[in-house]
Amino acid sequence: MRGQFTGWPEQAMDVLWQLQGEPTHATRERYRADRERLVRQPMIALLNEVADTDPRYEDFSVWHYRTDSWWWQHQGAVIRLGRKIEIGLRFSLDGLRIQGAWWYPDPGQVDMFRKAVASEGSGRELSAIVEDVRKKGYDISGDVMKRPPRGYPTDHSRTNLLRHRSLIAARPLGCDEWLHTPEAVDRVLSAAADLDALLMWLVLHVKRAA
């Protein structure tokens, strides 16, 4: 049911502005309640609405502040789709950012990924998916080896993918007026649709450790 998320209040930016740099403990405590109400709670409301659209998005977490000032200045959240496979969201003074990621892999997952990349069918599929995501404006990154892994030819047609030990596609969604309105839900869902083929490929091929 839509309607619980109304957007981040404009005052949320004022709170984050006060938390720039290295805010003192006293400053953090002064703005703790406002940050919870104006920054973190809207993220929870947004992800509840996103989850209402698709049961795959129901397993999510919205981070607390921790001790590092960075976490006070950036409100993070993740939607878990598989083991070490997730959609990440981050709200800050720069606006909203999204990424689809397979990272911090379990033992065995990297081998599973490489085998799927080397296989002609699944490898060609991933290569096309990554290129499509890149064309949509996403930066492709990850933990990438300098050389192809052992056991694979150095001239393999997908050697760039074989060198990955994690795979991340990310882009900023912007810092415009829609952030302060329910339209932010649709922006997130549209970006999630951009990432869907990539994340579902990962869920299929590397979601479990060997």
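Report follows, based on the coordinates. In this text the structure is predicted, and so the values were computed from the model without any measurement. (Residues numbered from 1 in each chain as written. Predicted model: local features only at pLDDT ≥ 70, side-chain atom pairs only at ≥ 80, totals over all residues. Heavy atoms only, no water.)

## Focus: the packing of aromatic side chains
Then, number 1: Applying the stated criterion across every chain yields a total of seven aromatic pairs.
Then, number 2: Judged by centre distance (4.2 Å) and plane angle (5 degrees), the ring pair of Trp8 and Phe91 falls under stacked. With Trp8 in the segment before helix H1 (11–18) and Phe91 in strand S3 (residues 85–92), this pair connects stretches of sequence that are 83 residues apart. Here the two residues Trp8 and Phe91 agree in accessibility, since each one is buried. (Phe/Tyr/Trp six-rings, centres within 6.5 Å; stacked < 30°, edge-to-face > 60°. Helix = DSSP H or I, 4+ residues; strand = E, 2+ residues; numbered from the N terminus. Buried < 20%, exposed > 50% of the residue type's maximum accessible area, 1.4 Å probe, protein only.)

## Concerning the pairing of S3
Then, number 1: With seven of eight residues buried, S3 lies mostly within the body of the structure.
Then, number 2: What sits between the antiparallel neighbours strand S2 (residues 75–82) and S3 is a turn of two residues, in which Lys84 has the positive phi angle 65 degrees.
Then, number 3: One ladder, built from eight bridges, connects S3 with strand S4 (residues 95–102); its direction is antiparallel. Across the sheet, residue Ile85 finds its bridge partner in S4, namely Trp102.
Then, number 4: As consecutive antiparallel partners, S3 and S4 are separated by two residues. (Pairing = 2+ DSSP bridges.)

## A look at helix H5 (residues 120–135)
Then, number 1: With 16 residues, H5 ought to run about 22 Å at 1.5 Å a step, and its terminal C-alpha atoms sit 23 Å apart, in line with that.
Then, number 2: Along H5, the positions that sit buried rather than exposed are Ser122, Gly123, Leu126, Ile129, Val130 and Val133. One side of H5 carries all its buried residues, which in axial view fall inside an arc of 125 degrees. Exposed side of H5, more than 90 degrees from the buried face: Gly121, Arg124 and Lys135 are the residues found there.
Then, number 3: At its buried positions, H5 is contacted by helix H4 (109–118), strand S5 (139–141), helix H6 (159–162), strand S6 (167–174) and helix H7 (183–206).
Then, number 4: Of the residues flanking the end of H5, it is Gly137, one or two places downstream, whose phi is positive at about 100 degrees. (Expected span 1.5 Å × (residues − 1). Arc of directions from axis to C-beta. Contact = heavy atoms within 4.5 Å.)

## Side note on the packing of H4 against H5
Then, number 1: At a closest axis distance of 5 Å, the pairing of H4 and H5 adopts a crossing angle of 95 degrees. Classified by the angle between their axes, H4 and H5 sit roughly perpendicular to one another. Taken together, the residues of H5 that come into contact with H4 (itself represented by Phe113, Ala116, Val117 and Ala118) are Glu120, Ser122, Gly123 and Leu126.
Then, number 2: A per-class count over the contact of H4 with H5 returns five nonpolar, two polar and one charged. (Axes fitted to C-alpha atoms, helices over the stretch in contact; angles between N-to-C directions. Parallel < 35°, antiparallel > 145°, perpendicular 65-115°, else oblique. Nonpolar A, V, L, I, M, F, W, Y, C, P; charged D, E, K, R; others polar.)

## What about the sheet that holds S6?
Then, number 1: Across the sheet, six strands lie side by side as S1-S2-S3-S4-S6-S5; this open sheet has antiparallel pairing. Two strands bound the open sheet, and with one partner strand each, they are strand S1 (60–62) and S5. For this sheet, the mean angle separating the axes of adjacent strands, direction not counted, is 15 degrees.
Then, number 2: Relative to S6, S4 runs antiparallel, the two being bridged by seven bridges. Paired with Ile98 across the two strands is Arg171, which belongs to S6.

Purely geometric numbers; function is a separate question.
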